[in-house]
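# Chains, contacts and geometry: an overview
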Amino acid sequence: MTELADAVEADAVPAYLPSAVLDGAAREDAIAMMRRLIAHTRNKTTDQAESTFEEPVDNYLDEELFAAEIELIFKRIPLPLALSCELPTKNSYKAIEVVGVPVVMTRDSKGVVHAMLNVCRHRGSLICKEGTGTSRALTCPYHAWSYGMDGSLNGIYGEHTFGEFDKSSRGLITLPVVEKAGLIFVCLTPGLVIDIDSWLGDFTPVLESLKLDECHLFSSRMMPGPNWKVAIEGYLEGYHFASLHKDTVFKTNLSNTAIFDSFGAHERVSFALREIENHLDDPEETWDPTANVGVINWIFPGFSIAGGWRQRMAIGFPLPGTSVTESMTEQRILVRTPIPDDEQEIHELEVMRDWFYDVTYGEDYITGFGVQKGVSVTGGKTQIFGRNEPGVQYVHRTINRLMTEHHREGLPLPRVIER
Ligand code: FES
Ligand SMILES: [Fe+2]
């Protein structure tokens, strides 16, 4: 147990507040999920993949493969780089760096969302510091060129001295962007087209049922982690709850009792909460899935929404770092009601924020750094994912599929164990 995990107060486990938003088809879906989890709880079973799956450890170590993953996955697919509530008003922005690409997203004076490279077209300075804010213009700190919130170049300091050029061709470089289901999806390659409906497919109604567009951001915190694939594996199975999280997650969740659903590239892994043991014989119409089913909705490659339909949610978004052994995760706490000014409520939210951070960093990622060390000395061997870890298997199958579909000559492919 790590120092950080020791510091997690056992009584600080976040309360599962019932949600107000679960209705209609979303409630039916949730009831069906609870039915499956009740059967597993009774039978001491869990959803299973068809077979075990082996992943070569070299896929977590190979610098060239890591660079290819960034090119073929992270720069090709729509990434949910912001929540709509992070650009809550007209003239708001969020600036971040994603796999080495500085990006600024804005909501302009008409409420329309834009995404651009956060790079000045004069001499390449970064324009906005990372973070969120409001402004009527994006002004470069180097020589004060000023851009509209749609990226157009509007103002040049000392323009009469600068000389002639085509201002209309020197706007910020725009990136494809779509706002959908309370999320802002950006593609890091200019000129690619985002077809969000086919990318999300039948995951769209699942995401829309979460009503993220009505949520408010309470907090955002960055945490370093191991290789991005090691980091994401920890989100997608509940096989480790009884051991790694015995004093935290395991207090509210059953271990190794989960259901798995896939939606195109995306997936949903849902865990039985301990409360479910009190309702095994209750009639379905009395069930409250929000108190009995712990859901991770997962937008590929790594946007994790934990807490699903509840009043408070934790969002984790692990992204590759600057080398194959590093990732960086933004962890956010979302609430359905406007941020309270009541001290007690704020305190509860702070406890929840710190609890999620300490569990994810202190337990999952500290273990992940150990995994990274482990794979570095077992080159040529494989990891094995059990039939009871279908979510982890699925994300690796999806990575392999997209790497193959997007493959370009000269770039490596993941090593795959044929069965
Ligand atoms: S680099 Fe931005 S104004 Fe000169
Ligand atoms: Fe975990």
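Residues numbered from 1 in each chain as written. Chains lettered and ligands numbered in written order. Predicted model: local features only at pLDDT ≥ 70, side-chain atom pairs only at ≥ 80, totals over all residues.

## Let's talk about the overall build of the chain
The helix and strand tally for the chain stands at eleven helices and 20 strands. Scaling as 2.2 N^0.38, a compact globule of 419 residues should have a C-alpha radius of gyration of about 22 Å, and the chain matches this with 22 Å. In terms of its C-alpha atoms, the chain occupies a principal-axis envelope of roughly 80 × 55 × 40 Å. Among the 419 residues that make up the chain, the fraction classed as buried is 43%. Counting contacts in the chain only where the partners sit at least 6 residues apart, residues at least 24 apart contribute 67% of the total. (Helix = DSSP H or I, 4+ residues; strand = E, 2+ residues; numbered from the N terminus. Rg over C-alpha atoms; globule rule 2.2 N^0.38 Å. Buried ≥ 20, exposed ≤ 12 C-beta atoms within 10 Å, placed from the backbone. Contact = placed C-beta atoms within 7 Å.)

## What about the sheet that holds strand β8 (residues 146–147)?
An order of β7-β8-β9 is seen for the three strands of this open sheet, with the pairing classed as antiparallel. Only two strands of the sheet have a single neighbouring strand rather than two, namely β7 (138–139) and β9 (153–155). With two bridges joining them, β7 and β8 adopt antiparallel strand pairing. Each residue of the ladder has a partner; that of Leu138, found in β8, is Tyr147. (Pairing = 2+ DSSP bridges.)

## Considering unusual backbone geometry
Most peptide bonds are trans, and most residues other than glycine sit at a negative phi. Here the residue pair Phe300 and Pro301 is connected by a cis peptide bond, since its omega of 5° sits within 30 degrees of zero. Locating Pro301 in the fold gives a position in the loop between β16 (293–299) and β17 (303–306). For Ala144, which is not glycine, the phi torsion reads 70° and is therefore positive. Topologically, Ala144 is positioned in the loop between β7 and β8.

## Notes on the pairing of β17
Strand residues, when the strand is regular, have side chains that alternate between the two faces of the sheet. Residues of β17 alternate between two faces, with Phe303 and Ile305 on one and Ser304 and Ala306 on the opposite face, all of them buried. Bridge count for β16 against β17 is four bridges, and the pairing is antiparallel. Across the sheet, the residue bridging to Asn297 is Ile305, located in β17. Taking the residues between adjacent antiparallel strands as the criterion, β16 and β17 are bridged by three residues.

## Points about helix α10 (residues 343–376)
Under the 1.5 Å per step criterion, the end-to-end length of α10 is 47 Å for 34 residues, consistent within 8% with the ideal 50 Å. At Tyr365, α10 shows its maximal kink, close to 30°. (Expected span 1.5 Å × (residues − 1). Bend = angle between axes of the 7 residues up to and from the residue.)

## Examining the packing of helix α3 (residues 63–74) against helix α11 (residues 390–405)
With their axes 9 Å apart at the nearest point, α3 and α11 run at an angle of 80° to one another. The angle between the axes of α3 and α11 places the two elements in the roughly perpendicular class. On α11, the residues that touch Glu69, Leu72 and Ile73 of α3 are Ile399, Leu402 and Met403. Broken down by class, the residue content of the contact of α3 with α11 amounts to five nonpolar, no polar and one charged. (Axes fitted to C-alpha atoms, helices over the stretch in contact; angles between N-to-C directions. Parallel < 35°, antiparallel > 145°, perpendicular 65-115°, else oblique. Nonpolar A, V, L, I, M, F, W, Y, C, P; charged D, E, K, R; others polar.)

## Quick word on the domain arrangement of the chain
Split into domains, the chain comes out as domain 1 (3–72 + 200–405) and domain 2 (84–193). Placing a centre on the C-alpha atoms of domain 1 and another on those of domain 2 gives a separation of 32 Å. Each partner contributes residues to the interface: domain 1 has twelve residues there, and domain 2 has eight residues. The element best represented in the side of domain 1 that touches domain 2 is helix α6 (residues 204–209), accounting for three residues. Considered class by class, the residues forming the side of domain 1 that touches domain 2 number seven nonpolar, two polar and three charged. (Domains from an automatic or database assignment.)

## Let's talk about the environment of Asn256
On the secondary structure map, Asn256 appears in strand β14 (residues 253–263). When the 19 C-beta atoms within 10 Å are taken as the criterion, Asn256 is described as partly exposed. It is 7.4 Å that separates the C-alpha atoms of Asn256 and Phe241, two residues lying 15 residues apart in sequence. Once residues within four sequence positions are removed from consideration, Asn256 is found in contact with Thr46, Gly238, Tyr239 and Asn388.

## Brief notes about the environment of Ser376
Relative to the assigned elements, Ser376 resides in helix α10. Through-space distance from the C-alpha of Ser376 to that of Val57 is 7.9 Å; in sequence the pair is 319 residues apart.

## Some points on the nonpolar core
With 107 residues, the main nonpolar core has Val103, Val104, Met105, Leu175, Ile184 and Val186 as its most contacted residues. When residues of this core are assigned to their parent elements, the largest contribution, seven residues, is made by α10. Taken together, domain 1 (3–72 + 200–405) and domain 2 (84–193) each give at least three residues to this core, which thus spans both. Beyond its immediate sequence surroundings of up to four residues, Leu175 is in contact with Val103, Ala115, Met116, Leu117, Val186, Cys187, Leu188 and Pro190. (Core = buried A, V, L, I, M, F, W, Y, C linked by C-beta atoms within 7 Å.)

## Let's talk about the sheet that holds strand β11 (residues 177–180)
With antiparallel pairing, three strands are arranged side by side in an open sheet as β2-β12-β11. One side of each edge strand has no neighbouring strand; the edge strands of this open sheet are β2 (79–83) and β11. Averaged over all adjacent pairs, the angle separating strand axes in this sheet is 30°, with direction ignored. Bridge count for β2 against strand β12 (residues 183–186) is four bridges, and the pairing is antiparallel. If you follow Ala82 over to β12, its bridge partner there is Ile184.

## Some words on the confidence of the model for the chain
Scored by pLDDT, the chain comes out at a mean of 94, with 95% of its residues at no less than 70. In this model, residues 1–13 is a region of pLDDT below 50 whose contacts with residues beyond four sequence positions or in other chains number 25 contacts. (pLDDT = per-residue confidence, 0-100.)

## Here's the deal with the pairing of strand β5 (residues 113–117)
Summarising burial for β5: four of the five residues are buried, a large majority. As paired strands, strand β4 (residues 101–107) and β5 are joined by five bridges and run antiparallel to one another. Looking at β5, one finds that Val104 is bridged to Met116. Hairpin remark: β4 followed by β5, antiparallel, with five residues in the connecting loop; positive phi at Gly111, about 90°. Across two bridges, β5 lies against strand β10 (residues 174–175) in antiparallel orientation. Each bridged residue has a counterpart across the sheet, and for Met116 the counterpart in β10 is Thr174.

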